[in-house]
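Here is how the chains run, residue by residue.
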Amino acid sequence: MELNKLGERTFWLPHQPENDRPMLVLLKGDRLALAVDAGASAAHVEEFYAQLDDAGLPRPDLTAITHWHWDHTFGMHRAHGLTVACRRTGELLAQARASLADPAAVPALKRSEEHIACEYAEAGIVVALPDVVFDGELLLDLGGLTARVLTAASPHSDDTVLVHVPEEGLLFLGDATCGDPFDGWRVDEERLRALMRTIEGIDCETCLLGHADPLGKGELLGYLATLAG
Ligand SMILES: [Zn+2]
């Protein structure tokens, strides 16, 4: 996978459908670099950092987490700098860490999720907790570049965090627009409509989803309207 560039200060490693790895992003401010999501494993993080190193880019000072699901967080223990998550994500990761402490839990998880079995064929799973926990919204001044890290309602998980970068017209949504994988991928219409209102209210041009290529705000809202019925 090759590192892609969006605008002058946004770099992203594309999602990898074959193993369900999500997109990883680096926002390069004048003073601080912020990553969005920590990836599925140490191997995933290291692939991302190797690409940053090759491009002469800094490793992140901060890594914002969009939600607790394994493919976005199980690389947190290898993240450079500090990890930042909302309080609910911290709670859900603590629960995941406690349940995976049971020796029978990891093999059971691998049997239930082929992509985890593939990602963790050899390595052990390490669940790290966030260094920085926030409620509501966090405003990060990266130096000439602002990241608004905000909690939002979404049909995917109840710990959804979006990252809005006004100077670049970007909105990172993680998997917020998907249904709930723990409920047969059901899309709760009320939560979807709440998310659509949030997106509509944010001044951005380009939306980035964890498991897709970047797309326009209007294109995304048009697609979500078809799901909302
Ligand atoms: Zn997810």
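Shown above is the structure to which this text applies.
Residues numbered from 1 in each chain as written. Predicted model: local features only at pLDDT ≥ 70, side-chain atom pairs only at ≥ 80, totals over all residues. Heavy atoms only, no water.

Peer 1: Could you give me a rundown of the nonpolar core, with the residues and numbers involved?
Peer 2: In this structure, Leu27, Leu34, Val163 and Phe172 are the most contacted members of the largest nonpolar core, which totals 22 residues. Going through the elements one at a time, strand S3 (24–28), strand S4 (33–36), strand S5 (62–64), strand S6 (82–86), strand S9 (146–151), strand S10 (161–165) and strand S11 (170–174) are the ones with two or more residues in this core. Among the elements that make up this core, the one with the highest residue count is S10 (three residues). Apart from residues no more than four positions distant in its own chain, Leu27 is found in contact with Arg9, Thr10, Leu32, Ala33, Leu34, Val36, Leu142, Leu145, Val165 and Phe172. Membership of the second largest hydrophobic core comes to 19 residues, among which are Leu150, Met196, Ile199 and Leu209. (Core = buried A, V, L, I, M, F, W, Y, C linked by side-chain atoms within 4.5 Å. Buried < 20%, exposed > 50% of the residue type's maximum accessible area, 1.4 Å probe, protein only. Helix = DSSP H or I, 4+ residues; strand = E, 2+ residues; numbered from the N terminus. Contact = heavy atoms within 4.5 Å.)

Peer 1: Give me the coordination of the zinc ion: which residues, what numbers.
Peer 2: For the zinc ion, the protein coordination sphere consists of His67 (NE2), His69 (ND1), His156 (NE2) and Asp175 (OD), at 2.2 to 2.3 Å. Coordination at the zinc ion is irregular: its four donor atoms span angles of 86 to 174° at the metal. (Donors = N, O, S within 2.8 Å, 3.2 Å for Na, K, Ca; no water. Tetrahedral: all angles 85-135°; square planar, octahedral: opposite > 155°, others 65-115°.)

Peer 1: Report on the sheet that holds S4, specifying residues and quantitative values.
Peer 2: Sheet architecture is open: seven strands sit in the order S1-S2-S3-S4-S5-S6-S7, paired in mixed fashion. Strands at the two margins of the open sheet, each flanked by one partner only, are strand S1 (4–6) and strand S7 (132–134). This sheet shows a mean twist of 25° between the axes of neighbouring strands, independent of strand direction. Helix-sheet contacts for helix H3 (residues 87–100) involve S6 and S7, and the interaxial angle to S6 is about 105°. (Pairing = 2+ DSSP bridges. Axes fitted to C-alpha atoms, helices over the stretch in contact; angles between N-to-C directions.)

Peer 1: So what's going on with the packing of helix H6 (residues 189–200) against helix H7 (residues 217–228)? Which residues, and what values?
Peer 2: Between H6 and H7, the least distance of the axes is 10 Å, while the angle of their chain directions is 160°. Considering their axes alone, H6 and H7 lie roughly antiparallel with respect to each other. Crossing angle aside, the handedness with which H6 passes H7 is left-handed. Where H6 approaches H7, its residues Glu189, Leu192, Arg193, Met196, Ile199 and Glu200 are matched on the opposing element by Lys217, Leu220, Leu221, Leu224, Ala225, Leu227 and Ala228. Partitioning the contact of H6 with H7 into residue classes produces nine nonpolar, no polar and four charged. (Parallel < 35°, antiparallel > 145°, perpendicular 65-115°, else oblique. Left-handed = near helix turned anticlockwise from the far one by under 90°. Nonpolar A, V, L, I, M, F, W, Y, C, P; charged D, E, K, R; others polar.)

Peer 1: Could you give me a rundown of unusual backbone geometry, with the residues and numbers involved?
Peer 2: With the exception of glycine, the majority of residues adopt a negative phi angle, and the majority of peptide bonds are in the trans configuration. Positive phi, close to 75°, is recorded for Asp37, a residue that is not glycine. Relative to the elements of secondary structure, Asp37 occurs in the loop between S4 and helix H1 (42–54). A positive phi angle, close to 60°, is found at Trp185, a residue other than glycine. Mapped onto the fold, Trp185 is located in the loop between S11 and H6. Relative accessible area serves as the criterion here: at 52%, Trp185 is assigned to the exposed category.

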